[in-house]
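# Survey of secondary and tertiary structure
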There are 2 protein chains.
Amino acid sequence: YITTLAYKSELRTKQQHLNEPLLDHREGQLFLTEAFKVILEEVLCKGIDVNEKVCEWREPEELATLLDLELREYGEQQHQLLQRVRDVAKYSVKTNHPRFFNQLFAGVDYHALTGRFLTEALNTSQYTYEVAPVFVLMEDEVLSKLRSLVGWAQGDGIFCPGGTMSNMYAMNLARYRAFPEVKLKGQWALPRLAVFTSQESHYSVMKAAAFQGIGTENVFKVNVDDRGCMITDDLSEKIELAKSQGAVPFLVHATSGTTVQGAFDPLEPIADICDRQGLWMHVDAAWGGSVLFSKEHRHLMRGVERWESGACSGIQLLECNFDLLKRCHSADATYLFQQDKFYDMSLDTGDKSIQCGRKVDCLKLWLMWKAVGSQGLEERVDRAFAHTRYLVEEMMKREGFQLIGKPEFVNVCFWFIPPSLRGKENSPDYQDRLSKVAPVIKERMIKQGTMMVGYQPLGGRVNFFRMIVISPQLSYQDMTFFLDEIERLGNNL
Amino acid sequence: YITTLAYKSELRTKQQHLNEPLLDHREGQLFLTEAFKVILEEVLCKGIDVNEKVCEWREPEELATLLDLELREYGEQQHQLLQRVRDVAKYSVKTNHPRFFNQLFAGVDYHALTGRFLTEALNTSQYTYEVAPVFVLMEDEVLSKLRSLVGWAQGDGIFCPGGTMSNMYAMNLARYRAFPEVKLKGQWALPRLAVFTSQESHYSVMKAAAFQGIGTENVFKVNVDDRGCMITDDLSEKIELAKSQGAVPFLVHATSGTTVQGAFDPLEPIADICDRQGLWMHVDAAWGGSVLFSKEHRHLMRGVERWESGACSGIQLLECNFDLLKRCHSADATYLFQQDKFYDMSLDTGDKSIQCGRKVDCLKLWLMWKAVGSQGLEERVDRAFAHTRYLVEEMMKREGFQLIGKPEFVNVCFWFIPPSLRGKENSPDYQDRLSKVAPVIKERMIKQGTMMVGYQPLGGRVNFFRMIVISPQLSYQDMTFFLDEIERLGNNL
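Residues numbered from 1 in each chain as written. Chains lettered and ligands numbered in written order. Predicted model: local features only at pLDDT ≥ 70, side-chain atom pairs only at ≥ 80, totals over all residues. Heavy atoms only, no water.

- An unreviewed UniProt entry annotates chain A as Cysteine sulfinic acid decarboxylase originating from Oncorhynchus mykiss.
- The Sequence similarities (unreviewed entry) comment attached to chain A in UniProt states, word for word, "Belongs to the group II decarboxylase family." (UniProt positions renumbered as here; feature names shortened; annotations may be inferred.)

Next comes the structure, spelled out in structure tokens:
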């Protein structure tokens, strides 16, 4: 209480001295330095230690109390704030931990993280050469390097805040190419449009169709085979179906690496269909695009060079082989993109973006790439495939694990069949009981904090696990642990 | 060359050892620690020193060479990478510098920056309580605290990647409320819609209309007064005009703090019109919303509690007083939002978002707020106003400065009239010559690196400067420097 009063009075005094900067840089930098040590200790040392928990589960009410989230009238002292940094770290999930297999991201790369810290400290926006000279040039270099992986000598692109946004850009570009008047007049003046994507494509296609005024019922879902790959005969049929309903097809949204099964749609035959029908082929490679780094595995995306646009792996960017980005998105803000600047105004790339302020995303990837080279990135991809192969082999040796198809990529989908259900496949309640296994195992693992892995139903299949093998810090031991742990948690079910 | 070979061979050896993690954590953490020191030194010490340059201008070709941007087959050694960190810092614009007045952001807050570092190190996504327990609760706390500033006891909201995205959310929500069938059927099945916004509102309204299938010609631009505030009589007229053209009005996009002049649209009368017409009132307070923290200045947003949605200051978030976010944006991805989770699934807020993965943005603001309290935030706002007042007074004492209206907010718009143009207002080439003054002064200041400030034409006015007074580290000396420097750079024009 006394401290608060003292702090209050100190602030009042400061207020009378408008001539003094409000911030004490020395104190601030000291805090940042101390906090950096906490981050290093809690997130990067403990956070990757297999002897520590992946997550420290708390019920929401308890967690809210522990964190003391409330924002108050007066500020706190530095040592209290440092404790808050420690608490936030403690109760957050350790996605860097070798036993975090829950999402399509995992592990830590120190050069990438350095790139992020530097980006945040520099705190600028990507829109003009004036305020982001380094990053305008750097983004261009990264994009053209990725473009060359795809097999293009030229094109255009942009980093986006996530794969969903990349897919939305593609939908807008495709619509604009087909009907340039849409920018001025809106979808209202257009015929009913039709988009095609596989049943197992990412849900962002639906979000995009809703958000961009196309409508979710105008997304035609193409059937997939057992692995989750688009059946191109059905694509042709769905295109005819849409036409017969009076809708105008304009975009095929193919997927390289589906979210759950990691399936790759066959790009060559899809491109053939797009050519014949005059449709835009977008390839959502937000998950699978990293195979392009690997001589051994890039065949999964054979035909990729025929795309009109693509969302690239993890990196969350859009590549487009037309010079459409600016025409489609520009609004010519005179306060940013002055036409009488003293440098080449084509360097002000901000009008390609639907955003105004746009965070710098290229440094992270650039620094990591500089650190390990294309060769190092290729090695990571190849290792992930090798680890996946190993996991699958080990899994097949164990009685309780039933694979859902052979993985094409690094997603390993499987049911764990507890002893009580083995050999009961024909019981009428088998599917129902099986569907309850994964949620219970998941609850147990989270509450014990030993590891994290996702599950879901899909199509006609009841809940199954989806294990993701991508972290560069994985070893065989982690795979063995994974299998042992699933058994330990589920054997009495 | 030898090093590269050695590195290559080392990697090959590693490749044979799939059982060893690829990453050396000790080495990585050492690198991060060294890089942190460089960031502290280059960005946070030199970067805020008035004796150092705000920017280190280089022509693009020269800069590309200096940075050696090319991404190659093999990686580099740690000391080279550390030099790259140093180079990126050196040639980047120092937005933390006290003489950076170029954009609507400036200065550094060490607690906010700590929040960003911690967020990046934790590297999770905001979509579920499962992977972001701390941040799901924290986002809710920050949003409801901001909501209470607006004057609401309840509502909904979300952090967005920028003000433009917030405005797009609002446009989609407003359309969905008016025509819920749009999600399924698309804009194609709707009548022509009409949006209303002032001539000086942010260009993102146009981007949103284009992107979301509404069409830019369906954005009706309402006239503004000299200060840049919407004229509500003209709003009523434009609504009638739209109706007479057969368009259906659904959204008024008002602005609290326009980008160039910092004008506040009169919310009470606009809300009256929206009530009468049944229109959604969105308030784009992405720039001006911080006045809500100040008892002295919050009158600028009188009537704000009557909004249906708002984009809030600098914080880049959307607040909405309906429970529409989820219904409007949901796609029910079963692999993320499992319906058989063991905790309260309303905590999985990801389906409110149009994004799938969503970066954590709340920690930065939360930690800063904890550090200074509401009182400290209020003080910052009041200080910015006080500094603006001081700058304006000093400006009026000097012969060469001609204000464009009295600032309502912290944007100070003015022409610098060089001695050769003073008293020549009636010359036929006066406007033409005046329009060339700001670009030349800007070029000179950037090439010398002494400070950065923006300029633009607006409406019928030729190029004028827009000075932004927000950094908490400003002092009177910086204002004096600013005026002296404009004179020094422009006196011989």
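### Focus on the overall build of chain A
- Within chain A, the regular secondary structure consists of 16 helices and 12 strands.
- A compact globule built from 493 residues should have a C-alpha radius of gyration of about 23 Å, and chain A, at 26 Å, falls within 12% of that.
- Along the first, second and third principal axes, the C-alpha atoms of chain A reach 75 × 70 × 45 Å.
- The proportion of buried residues among the 493 residues of chain A is 65%.
- Total accessible area on chain A is roughly 17300 Å²; 51% of this is exposed by carbon and sulfur atoms.
- Here chain A carries 56 positive and 65 negative side-chain charges, and the mean point of each set is 2 Å from the other. (Helix = DSSP H or I, 4+ residues; strand = E, 2+ residues; numbered from the N terminus. Rg over C-alpha atoms; globule rule 2.2 N^0.38 Å. Buried < 20%, exposed > 50% of the residue type's maximum accessible area, 1.4 Å probe, protein only. Areas by Shrake-Rupley, 256 points an atom, 1.4 Å probe, with all protein chains shown as cover. Lys, Arg positive; Asp, Glu negative; His and termini not counted. Charge placed at Lys NZ, Arg CZ, Asp CG, Glu CD.)

### Some points on the interface of chain A and chain B
- Across the contact, 170 residues belong to chain A and 171 residues belong to chain B.
- Overall, the association of chain A and chain B removes approximately 15400 Å² of surface from exposure, summing both partners, and the carbon and sulfur fraction of that is 64%.
- Among the residues of chain A in contact with chain B, Leu71, Phe211 and Phe342 of chain A are the three that bury the most area, contributing 6% of the side total.
- The residue Lys442 of chain B makes a salt bridge to Glu130 of chain A at a minimum N-O spacing of 2.4 Å.
- Taken together, chain A and chain B are joined by 78 residue pairs in polar contact (both at pLDDT 80 or more).
- In terms of residue count, helix α13 (residues 362-396) of chain A provides more of the side of chain A that touches chain B than any other element does, 15 residues in total. (Contact = heavy atoms within 4.5 Å. Buried area = accessible area lost by both parts, 1.4 Å probe. Salt bridge = Lys/Arg side-chain N within 4 Å of Asp/Glu carboxyl O. Polar contact = N/O pair within 3.5 Å; in protein donor to acceptor, adjacent residues only side chain to side chain.)

### Examining the pairing of strand β3 (residues 193-198) of chain B
All names here are of chain B.
- For β3, the buried fraction is high: 6 of the 6 residues fall into the buried class.
- Side-chain alternation along β3 places Leu193, Val195 and Thr197 on one buried face and Ala194, Phe196 and Ser198 on a second face that is also buried.
- Here β3 pairs with strand β5 (residues 248-255) via 5 bridges, running parallel. Within the sheet, the bridge partner assigned to Leu193 lies in β5 and is Val248.
- Note that the unit made of β3, helix α9 (residues 204-211) and strand β4 (residues 219-222) has a crossover that is right-handed. (Pairing = 2+ DSSP bridges. Right-handed = clockwise from strand over helix to strand, strands pointing away.)

### Focus: the packing of helix α13 (residues 362-396) of chain B against helix α16 (residues 476-490) of chain B
Residue and element names in this part refer to chain B.
- Closest axis-to-axis distance for the α13/α16 pair is 10 Å, and the angle between their directions is 35°. The element α13 and its partner α16 pack so that their crossing is right-handed. Packed against α13, whose contacting residues are His387, Tyr390, Leu391, Glu394 and Met395, the element α16 presents Tyr476, Met479, Thr480, Phe482 and Leu483 at the interface.
- For the contact of α13 with α16, a count of residues per class yields 7 nonpolar, 2 polar and 1 charged. (Axes fitted to C-alpha atoms, helices over the stretch in contact; angles between N-to-C directions. Left-handed = near helix turned anticlockwise from the far one by under 90°. Nonpolar A, V, L, I, M, F, W, Y, C, P; charged D, E, K, R; others polar.)

### As for the relation of the copies chain A and chain B
- By a simple turn and slide, chain A fits onto chain B: the slide is 0.0 Å along the axis, the RMSD is 0.0 Å, and the turn is 180°. Such a combination of rotation and displacement between the chain copies is what one expects of a two-fold axis. Among all residues of chain A, the one whose C-alpha sits closest to the rotation axis is Gln212 of chain A, at a distance of 2.0 Å. (Least-squares fit on C-alpha atoms with pLDDT ≥ 70 in both.)

### Brief notes about unusual backbone geometry
- Backbone geometry places Asn123 of chain A, a non-glycine residue, at a positive phi of 45°.
- By relative accessible area, which is 27% here, Asn123 of chain A ends up partly exposed.

### Some thoughts on the nonpolar core
- Of all hydrophobic cores here, the largest spans 285 residues; its most connected members are Phe482 of chain A together with Phe482 of chain B.
- In contact with Phe482 of chain A, other than residues within four places in its own chain, are Phe101, Leu391, Met395, Phe414, Met451, Val453 and Met467 of chain A. (Core = buried A, V, L, I, M, F, W, Y, C linked by side-chain atoms within 4.5 Å.)

### Quick look at the sheet that holds strand β12 (residues 461-468) of chain B
All names here are of chain B.
- Taken together, the 5 strands give an open sheet; going across it, the order is β1-β11-β12-β10-β9, and neighbouring strands pair in mixed fashion. The two strands at the open ends of the sheet, each matched to only one other strand, are β1 (100-101) and β9 (401-403).
- Where α13 meets the sheet, its contacts fall on β9, β10 (411-416) and β12, and the angle it forms with β10 comes to roughly 15°.
- Against the sheet, helix α15 (residues 437-448) contacts β10, β11 (452-458) and β12, and its axis sits at roughly 160° relative to β11.

### Thoughts on the pattern of salt bridges
- Summed over all chains, the structure comprises 80 salt bridges over all chains.
- Note that Arg86 of chain B is salt-bridged to Glu41 of chain B, the shortest N-O span being 3.4 Å. Separated by 45 residues along the polypeptide, Arg86 of chain B in helix α4 (residues 78-91) and Glu41 of chain B in helix α2 (residues 25-45) bring together distant segments of the chain.
- Here Glu42 of chain B ties to Arg86 of chain B by a salt bridge, and the two come within 3.4 Å at their closest N and O atoms. Here the residue Glu42 of chain B occupies a position in helix α2, and Arg86 of chain B occupies one in helix α4, the gap between them amounting to 44 residues.
- The exposure class of Glu42 of chain B is buried, given its relative accessible area of 7%.
- Exposure remark for Arg86 of chain B: the relative accessible area of 27% places this residue in the partly exposed category.
- One network of salt bridges, with partners in common, ties together Asp68, Glu70, Arg72, Glu76 and Arg84 of chain A together with Lys370 of chain B.

### A few points about the packing of aromatic side chains
- As enumerated under the stated definition, the model contains 48 aromatic pairs over all chains in all.
- Here the aromatic rings of Phe293 of chain A and Trp369 of chain A are separated by 5.3 Å at their centres, their planes lie at 75°, and the arrangement is edge-to-face. Within this pair, whereas Phe293 of chain A is found in the loop between β6 (280-284) and β7 (309-312), its partner Trp369 of chain A is found in helix α13, the two being separated by 76 residues in sequence.
- Among the residues examined, Phe293 of chain A registers a relative accessible area of 14% and is labelled buried.
- The rings of Phe101, Phe401, Phe414, Phe416, Phe465 and Phe482 of chain A are connected pair by pair, giving a single aromatic cluster.
- Lying across the ring of Phe481 of chain B, Arg99 of chain B places its NZ or CZ 3.8 Å from the centre. (Phe/Tyr/Trp six-rings, centres within 6.5 Å; stacked < 30°, edge-to-face > 60°. Lys NZ or Arg CZ within 6 Å of the ring centre and 35° of its normal.)

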